[in-house]
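Take a look at the letters that make up each chain.
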Amino acid sequence: MLSLSSLAAENIPRFGSSGKLEGNIAVVTMFLDDTRTSWNFKKKQDLEMYDYAYYDVQVACDWITKSCKEYGRKVNFIWDWDKYNELYFSGAKIRIDATNESEDIYSEVQPIIKKYIDSEKIKKSLGANGIIYLACFNTHYSNTVTSMTDPWSRDYPINEEICYMFMRCDNDVEVPAMFAHEMLHTFGAPDLYTPGMYDITQKFIDYLESSKNNDIMGYRAGLLPNTDSYDYDNVPNALTEITAYYIGLTNSSKTVQQWGFKPSDYVSK
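Note that the coordinates shown come from a computational prediction; the quantities given were computed from them, not determined experimentally.

Colleague: Hey, could you run me through the layout of surface pockets in this one?
Modeller: Empty space among the atoms becomes visible once a probe the size of a water molecule is rolled across them. Size it by volume and the second largest pocket reaches roughly 330 Å³. Around the second largest pocket, the lining is made up of 18 residues, and of these Thr146, Cys169, Glu174, Met178 and Tyr230 lie nearest the centre. Counting residues per element, the ones that place at least two in the lining of the second largest pocket are β8 (172–173) and α4 (176–185). Residue composition of the lining of the second largest pocket, grouped by class: 11 nonpolar, three polar and four charged.

Right under this line is the structure:
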């Protein structure tokens, strides 16, 4: 899900912190507290959720890498914070409820990144041309707000591109596919289960649902084929041609042309 946080004025490069979906991309994972939740890794359940987040990030990065390869694009996510300690951060608290959609979460998390994460040093040491940030919150099972992302776009240019991962939602835990889904937002992928971005229409959304489209950005993200059950071990979805186009893997999309949607941010104006 895309977040609509307000934006701080600053000198921002095109495509934001992630850059293009190519080469080496660093992934910083943060375990943050808010006014309703916190992490205590001395507790077994919090440590188990920490381990699950580690697994989710690994599976998501591997799946995106493999999917990009199918389109002829070489991508290498450097995410393993066990190997690279600078890719892990915890111990900070934001001053709001992270799941309160009326609050500006970006203005809370971005200063933490600025203060504690030496992004340029990380990119230089790892040879990365881009960097994205995953902010994990230890939400309760009663939480009903899904994970969301603040990405760079032409209309909303920001530098630090942040995925806010709510580890429990609707009596379930977050699955690897949702990490992949949110990460792809940072490279320009629109949601394909709600209209709006790039002038995507409700008629198109209805068409996708009726055709049981399995795109990672669609309503079936994380669901096993022909079921309503989530896959906790793999990403059971596809990266179809419309998403490939909007994340810059291709120069055109038959779907975009047929439906008259706006061009990708990677298309020069």
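And the narrative resumes.
Colleague: Just to check I follow, could you spell out helix α3 (residues 119–126) for this structure?
Modeller: Spacing of three or four residues puts side chains on the same side of an α-helix, whose turn is 3.6 residues. Of the positions making up α3, those classed as buried are Ser119, Ile122, Lys123 and Leu126. An end-on view of α3 places all buried positions within 95° of arc, on one side of the element. When the buried face of α3 is taken as reference, the exposed residues oriented beyond 90 degrees from it are Glu120, Lys121 and Lys124. Among the structural elements, β1 (23–33), β2 (75–78), α2 (106–116) and β4 (130–137) are those in contact with the buried residues of α3.

Colleague: Help me understand the environment of Tyr88, please; the structure alone is not making it clear to me.
Modeller: Relative to the helices and strands, Tyr88 resides in strand β3 (residues 88–93). Of the residues examined, Tyr88 reaches a relative accessible area of 25% and is grouped as partly exposed. Residue contacts for Tyr88: discarding those within four places in its chain leaves Thr29, Phe31, Phe41, Tyr50 and Trp81. A distance of 2.8 Å separates polar atoms of two side chains, one belonging to Tyr88 and the other to Ser90.

Colleague: Explain empty space enclosed by the protein to me, please; I cannot follow it from the model alone.
Modeller: Here the structure, examined in full by the defined rule, presents one cavity of 30 Å³ or more. Lining of the largest cavity is provided by Phe15, Ser18, Trp152, Thr186, Phe187, Gly188, Asp265 and Tyr266. The residue makeup of the lining of the largest cavity, split by class, is four nonpolar, three polar and one charged.

Colleague: I would appreciate a short explanation of the pattern of salt bridges in the present structure.
Modeller: Where side chains of opposite charge bring their charged atoms close, a pairing between them can arise. Taken as a whole, this structure holds five salt bridges when the rule is applied. Here Arg36 ties to Asp97 by a salt bridge, and the two come within 3.6 Å at their closest N and O atoms. In this pair, Arg36 is assigned in the loop between β1 and α1 (44–70) and Asp97 in the loop between β3 and α2, connecting sequence segments 61 residues apart. Accessibility expressed as a relative area gives 52% for Arg36, which makes it exposed. Salt-bridge contacts for Lys123 lead to Glu120; the nearest nitrogen and oxygen are separated by 3.3 Å. With Lys123 and Glu120 both in helix α3 and three residues apart, this pair spans about one turn of that helix.

About the cut-offs
Residues numbered from 1 in each chain as written. Predicted model: local features only at pLDDT ≥ 70, side-chain atom pairs only at ≥ 80, totals over all residues. Heavy atoms only, no water. 1 Å grid on protein atoms, 1.4 Å probe; cavity = no way out; pocket = protein on both sides within 12 Å on 5 of 7 lines; lining within 4 Å. Points joined across faces, edges and corners; volume = space filled by probe spheres on them. Helix = DSSP H or I, 4+ residues; strand = E, 2+ residues; numbered from the N terminus. Nonpolar A, V, L, I, M, F, W, Y, C, P; charged D, E, K, R; others polar. Buried < 20%, exposed > 50% of the residue type's maximum accessible area, 1.4 Å probe, protein only. Arc of directions from axis to C-beta. Contact = heavy atoms within 4.5 Å. Polar contact = N/O pair within 3.5 Å; in protein donor to acceptor, adjacent residues only side chain to side chain. Salt bridge = Lys/Arg side-chain N within 4 Å of Asp/Glu carboxyl O.

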